Structure formats: C-alpha cells, structure tokens
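# An overview of the molecular structure
Chain by chain, the residues:
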Amino acid sequence: RILGTELGERFSYYGLRAVLTLYFLSLGLSEGGAVALFSYTSALAYFMPLLGGILADVLWGRYHTILIFSAVYVVGSTALALNAAAGGGVEGAMAALVLISIGTGGIKPCVS
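Residues numbered from 1 in each chain as written. Predicted model: local features only at pLDDT ≥ 70, side-chain atom pairs only at ≥ 80, totals over all residues. Heavy atoms only, no water.

### Some remarks on the pattern of salt bridges
Put simply, the rule is: A side-chain nitrogen of Lys or Arg and a carboxyl oxygen of Asp or Glu constitute a salt bridge if their distance falls within 4 Å.
The full count for this structure, using the stated rule, is 1 salt bridge. Put simply, Arg 10 and Glu 9 hold a salt bridge, and the shortest N to O gap is 2.9 Å.

Structure (structure tokens):
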C-alpha cells in the first residue's frame, strides 16, 4: 500500500510540475512571475520533509503521518482542479499548491 501511495503521489506531483508554469502563464502571470511561483512551491515541497519526518518520529508514527499528509495532498489537488475549472485566479492556485507541497513533503520521509 505504501508503494502504491508513493507511486500515485509521485506520478501526480511530477505530472503537475510539467505543466505548472504554463498554467501560471494562462492565469496572466509574466514568464518571470510564473517561474518564480514554480520555484517557490518546489522549494516548499523540498523543505517539508523536515516537518514530515519530525511529526512521524515524534508524534504520529509513519503510517498515520502518511495518511494525514496524503489527505492534505488530495485536498490540495482537488482544490487546484476546482480552481482551474471555475476559472479561478492565482490566489486559489497558490493556496492549492501550498497544500500539495505540504502533502508531498510530509509523505516523502515516510516512504523513502
């Protein structure tokens, strides 16, 4: 189950990253702004394993941490899809991407 969770999460994350800059451009951002937001969310996703590892080791345990951060990831992905479908703006997209970054970072130390 953990392998399936990690496979699905990685497939979703890297699939999203492949088109994220183009999505930001479609929201009206400049190329520099789109690349900057892409970089900020990537940095957050690579920083969050510190928090996920601490929570897994100190409070929740490995499996509970995976469950909680997977739920955060799903909420973020759903929010991003709904924001895009409704023609939402950059603010909604960024809020969703923050949730996705927290979710992916929280899962990573528990499955690696």
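### Focus: the side chain of Ser 42
Heads up, the condition is: Runs of E in the DSSP output that reach at least two residues are strands. Runs of H or I that reach at least four are helices, and both are numbered from the N terminus. The buried label applies to any residue whose accessible area, calculated with a 1.4 Å probe on protein chains only, is under 20% of its type's maximum; exposed applies above 50%, and partly exposed to all values in between. Residues are treated as being in contact if the distance between any of their heavy atoms lies within 4.5 Å.
In this fold, Ser 42 is placed in helix 2 (residues 31-47). The exposure class of Ser 42 is buried, given its relative accessible area of 13%. Each residue touching Ser 42, except ones within four places of it in the same chain, is listed here: Tyr 13 and Arg 17.

### Points about the environment of Thr 104
Relative to the helices and strands, Thr 104 is located in helix 5 (residues 90-111). Taking the C-alpha atoms as reference points, Thr 104 and Gly 87, separated by 17 residues in sequence, lie 25 Å from one another. In contact with Thr 104, not counting residues within four places along its chain, are Glu 9, Arg 10, Tyr 13, Ala 45 and Tyr 73.

The analysis is restricted to geometry; functional conclusions fall outside its scope.
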